[in-house]
Amino acid sequence: MRKLVAICLSVAMVLSLTACGNADKKASKGNGKTFTVGFDAEYPPYGYMDTESGEYVGFDLDLAEKVCEMEGWELEKKPINWDTKDTELNSGSIDCIWNGFTINGRENDYEWSDAYINNTQVIVVAGNSGIVSLTDLKGKKVGVQAASAAEALFAEDGAQVELGKTFESINPFSDYNTAFTELQSGSIDALAIDIGVANFQLKERGEGYVILDEQLNSEQYGVGFKKGEKDLCNTINKDLKKLYKDGTVEELAKKYDIDPTMICIGE
């Protein structure tokens, strides 16, 4: 009996030491912090689901993963509805919004990282639409993503408010995949969209679409944090600059067919 008790005590001690060892290892690795990134899961090439692997991937998500590797954090990729992003951030369910998030016009609404991508908003139309310039959009139905920078362009204080007034309608969609389906069916005549997303969609969908030469505006992407989260924001900034200097950002841009001239970290 005593021998059985001794064996049980020995096993318990081994398990206890193993648990402590694992706990110490976890604590030494970034204190076990989970970094939760909120993103639009249908916004390629910045964040989307890869149909082959079933995993969420993208330029922004890969960058976030690299940051977590540097800090010893665990990355949690949390898909969100873009029009509820502020609720997600303010409730604390996500640590940041990192997914082709436009700084311009929102400068005072978030704690921002430095800009890392120079972006432009463009118009996509069907190749046989006969639309070749912005003036040709008069009387047309134009799609935008709900709560996006493109939608804000046509709002009362937007840079393209006068152009928007010439449209028959401005049609918000929850995501660009739905918007492209509507464009293909002819339910809308044009789509206002980020150039990087447009290039990805056209490459995936093949012929049949055209990006107009005239651009709607120029803007920059950043990582948005809740106001007051300066320490976390500064950490991300520091790591992004390191990833830029060691060539990681450029490698990821090539991986996702993003024009490397769009990268603006360190400028």
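Above this text you will find the structure in question.
Reading guide: rules and limits
- Residues numbered from 1 in each chain as written.
- Predicted model: local features only at pLDDT ≥ 70, side-chain atom pairs only at ≥ 80, totals over all residues.
- Heavy atoms only, no water.
- Helix = DSSP H or I, 4+ residues; strand = E, 2+ residues; numbered from the N terminus.
- Buried < 20%, exposed > 50% of the residue type's maximum accessible area, 1.4 Å probe, protein only.
- Contact = heavy atoms within 4.5 Å.
- Areas by Shrake-Rupley, 256 points an atom, 1.4 Å probe, with all protein chains shown as cover.
- Pairing = 2+ DSSP bridges.
- Phe/Tyr/Trp six-rings, centres within 6.5 Å; stacked < 30°, edge-to-face > 60°.
- Lys NZ or Arg CZ within 6 Å of the ring centre and 35° of its normal.
- Core = buried A, V, L, I, M, F, W, Y, C linked by side-chain atoms within 4.5 Å.
- Axes fitted to C-alpha atoms, helices over the stretch in contact; angles between N-to-C directions.
- Parallel < 35°, antiparallel > 145°, perpendicular 65-115°, else oblique.
- Nonpolar A, V, L, I, M, F, W, Y, C, P; charged D, E, K, R; others polar.
- Left-handed = near helix turned anticlockwise from the far one by under 90°.

With that settled, consider the overall build of the protein. Scanning the protein from N- to C-terminus turns up nine helices and 14 strands. By residue count, 46% of the 267 residues in the protein fall in the buried class. Relative to all contacts within the protein whose residues are 6 or more apart in sequence, the contacts with residues 24 or more apart total 74%. Accessible area for the protein stands at about 13,800 Å²; split by element, carbon and sulfur atoms hold 48% of it.

Further remarks concern the pairing of strand E11 (residues 190-194). With five of its five residues buried, E11 lies for the most part within the structure. The sheet contact formed by strand E9 (residues 141-145) and E11 spans two bridges and is parallel. Across the sheet, residue glycine 143 finds its bridge partner in E11, namely leucine 191.

Strand order in the open sheet formed by three strands is E2-E3-E4, with antiparallel pairing between adjacent strands. The sheet is open, and its two edges are formed by strand E2 (42-43) and strand E4 (56-57), each paired on a single side. Pairing of E2 with strand E3 (residues 47-49), which is carried by two bridges, proceeds in the antiparallel orientation. Paired with tyrosine 43 across the two strands is glycine 47, which belongs to E3.

Once that is clear, we can look at unusual backbone geometry. With an omega of 10°, the peptide bond running from proline 44 to proline 45 counts as cis. Here proline 45 lies in the loop between E2 and E3. With a phi close to 65°, alanine 147 is a non-glycine residue in the positive phi region. For alanine 147, a relative accessible area of 27% gives the class partly exposed.

Turning our eyes to something else, we now look at the packing of aromatic side chains. Here the structure, examined in full by the defined rule, presents 13 aromatic pairs. Plain terms: the ring middles of phenylalanine 35 and tryptophan 73 are 5.3 Å apart, the flat faces sit at 45° to each other, and that makes the pair tilted. Linking phenylalanine 35 in strand E1 (residues 34-39) with tryptophan 73 in the loop between helix H2 (59-71) and strand E5 (74-79), this pair joins segments that are 38 residues apart in sequence. Ring centres 5.4 Å apart and planes at 70° place the aromatic pair tyrosine 110 and tryptophan 112 in the edge-to-face group. On the basis of relative accessibility, which here comes to 13%, the residue tryptophan 112 falls in the buried class. Through a chain of ring-to-ring contacts, the aromatic side chains of Tyr43, Tyr46, Phe59, Tyr176 and Tyr221 assemble into a single cluster. One residue, lysine 33, lies across the ring of tryptophan 73, its end atom 5.3 Å from the ring centre.

We now examine the nonpolar core. Counting 68 residues, the largest nonpolar core has Phe35, Phe59 and Trp98 as the members making the most contacts within it. Looking at which element gives the most residues to this core, the answer is H2, with six residues. Dropping the residues within four chain positions of it, phenylalanine 35 is found in contact with Cys68, Trp73, Glu74, Leu75, Glu76, Asp95, Cys96, Trp98, Phe225, Leu232 and Ile236. Ranked by size, the runner-up nonpolar core spans 11 residues in total, among them Leu89, Phe101, Ala115 and Cys264.

Right, let's talk about the pairing of E9 for a bit. Within E9, four of the five residues are buried, which leaves the element mostly enclosed by the surrounding structure. Note that E9 and strand E10 (residues 169-173) share five bridges and pair parallel. Directly across from glycine 143, in E10, lies its bridge partner asparagine 171.

The next point concerns the packing of H2 against helix H8 (residues 230-245). Direction vectors running N to C along H2 and H8 enclose 105°, while the axes themselves pass 10 Å from each other. Comparing the axis directions of H2 and H8 gives the class roughly perpendicular. From H2, Leu63, Lys66, Val67, Met70 and Glu71 reach across to H8, where they touch Thr235, Ile236, Lys238, Asp239, Leu240, Lys242 and Leu243. In the contact of H2 with H8, the residues fall into six nonpolar, one polar and five charged.

Bringing the packing of helix H6 (residues 176-185) against helix H7 (residues 195-205) into the picture now. Running from N to C, H6 and H7 cross one another at 60°; their axes reach a closest spacing of 12 Å. One finds that H6 runs oblique with respect to H7. Judged by the twist between their axes, the crossing of H6 over H7 is right-handed. Residues Tyr176, Asn177 and Phe180 of H6 touch H7, and the partners they reach there are Val197, Gln201, Leu202 and Arg205. Looking at the contact of H6 with H7 residue by residue, the class counts come to four nonpolar, two polar and one charged.

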